[in-house]
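What follows is the residue order along each chain.
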Amino acid sequence: MRNIRVLIITGLSGSGKSTAIRALEDIGFFCVDNLPVVLLPDFLEIQAAPDKDISQVAMVMDLREKGFIEQYPEIFKRLQEKGYRIEVLFLDSTDEALLHRFSETRRVHPMGTKGSILDGILLEREKLAPLKQMAERVIDTSSLNVHQLKDTIQRLYLSSDRQIKLAVNIYSFGYRYGIPADADLVFDVRFLQNPYFVEELKHLTGNDPRVRDYVLEFNEGRTFILKLFDLMTFLVPLYDREGKSRLCIAMGCTGGKHRSVVMANMIATYFAEHAYPVSVTHRDVDKS
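Residues numbered from 1 in each chain as written. Predicted model: local features only at pLDDT ≥ 70, side-chain atom pairs only at ≥ 80, totals over all residues. Heavy atoms only, no water.

Caption draft 1: Representation of the overall build of the chain. The helix and strand inventory of the chain stands at 9 helices and 9 strands. Expressed as lengths along the three principal axes of its C-alpha atoms, the size of the chain is roughly 80 × 45 × 30 Å. Each of the 288 residues in the chain was classed as buried or not, and the buried ones make up 46%. Residue pairs at least 24 apart in sequence account for 78% of intrachain contacts in the chain once pairs closer than 6 positions are excluded. Carbon and sulfur atoms make up 51% of the accessible area of the chain, which totals about 15,200 Å². (Helix = DSSP H or I, 4+ residues; strand = E, 2+ residues; numbered from the N terminus. Buried < 20%, exposed > 50% of the residue type's maximum accessible area, 1.4 Å probe, protein only. Contact = heavy atoms within 4.5 Å. Areas by Shrake-Rupley, 256 points an atom, 1.4 Å probe, with all protein chains shown as cover.)

Caption draft 2: Spotlight on the packing of helix α4 (residues 95–105) against helix α5 (residues 117–134). Contact geometry of α4 with α5 gives a least axis separation of 10 Å together with a crossing angle of 130 degrees. Viewed along their axes, α4 and α5 adopt a mutual orientation that is oblique. Relative to α5, α4 is oriented so that their crossing is right-handed. Residue-level contacts link Asp95, Leu98, Leu99 and Phe102 of α4 to Ile117, Leu118, Ile121, Leu122 and Arg125 of α5. By residue class, the composition of the contact of α4 with α5 is 7 nonpolar, no polar and 2 charged. (Axes fitted to C-alpha atoms, helices over the stretch in contact; angles between N-to-C directions. Parallel < 35°, antiparallel > 145°, perpendicular 65-115°, else oblique. Left-handed = near helix turned anticlockwise from the far one by under 90°. Nonpolar A, V, L, I, M, F, W, Y, C, P; charged D, E, K, R; others polar.)

Caption draft 3: Molecular detail of the packing of helix α8 (residues 219–241) against helix α9 (residues 259–273). Where α8 meets α9, the closest approach of the two axes is 11 Å, and the angle between their N-to-C directions is 40 degrees. Between α8 and α9, the angle is such that the two are oblique. Pair α8 / α9 crosses with right-handed handedness. Of α9, the residues touching α8 (which contributes Gly221, Phe224, Ile225, Leu228, Phe229, Met232, Thr233 and Val236) are Met263, Met266, Ile267, Tyr270 and Phe271. Among the residues making up the contact of α8 with α9, the classes are represented as 11 nonpolar, 2 polar and no charged.

Keep in mind that these numbers describe shape and distance, not what the molecule does.
Next comes the structure, spelled out in structure tokens:
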């Protein structure tokens, strides 16, 4: 049996378990939501097969599953005797905070279908008390927003030799074909000198060094890219701090063939030099 780390995420409804499991998935855990506890031994045996490359799994288990409370003590004990490292992360919150969250989302409490939401919270708290006592970690999420909770989870479970880096997707595009739907930041570079009107450059693209040199030959091109680098130096650490995992930057010119391609490549080089995972898509470069 391989040494698989098994993290069980549990706790009160509305305490942030969905946010927690997404945060763990972002740092490399194999994640499953609401796996019946009776299936846990078989699931781990499958993941321990030699052809699998999984060293850490996380799963949400809670009172949504009937029989969980009665079955988990014996199943966890059996797995630990087999050598599995079973860790329990319990997410807690005050009654007031949970009531506020259920009021905002208008969800029905899973334990309160025949009574008030508060009755459901109190009953769930009582049933989960033994599990909370055995947890290696208990996090009170009462005062945490989703970004703060994600950051807390990742700092606790990310190995010290790894760092989370914002993934950056960069598009060049032509305004005549529309702005990319998933763009977070859009920059219009149609103010730059247009190689389309230079006969020997017209049929090339911004991937050609001659087009790049032409665009950057003018002061406005050089000034723009330097100011854009400064803006990214300011913005990206703030996005990182807020827990943003992906940033999409779109650079647009008229046809998406020359100026936007040059600038997309330039900003991609900036992110690569700063060790961010970066991808570049020249969406409209081959369109007429």
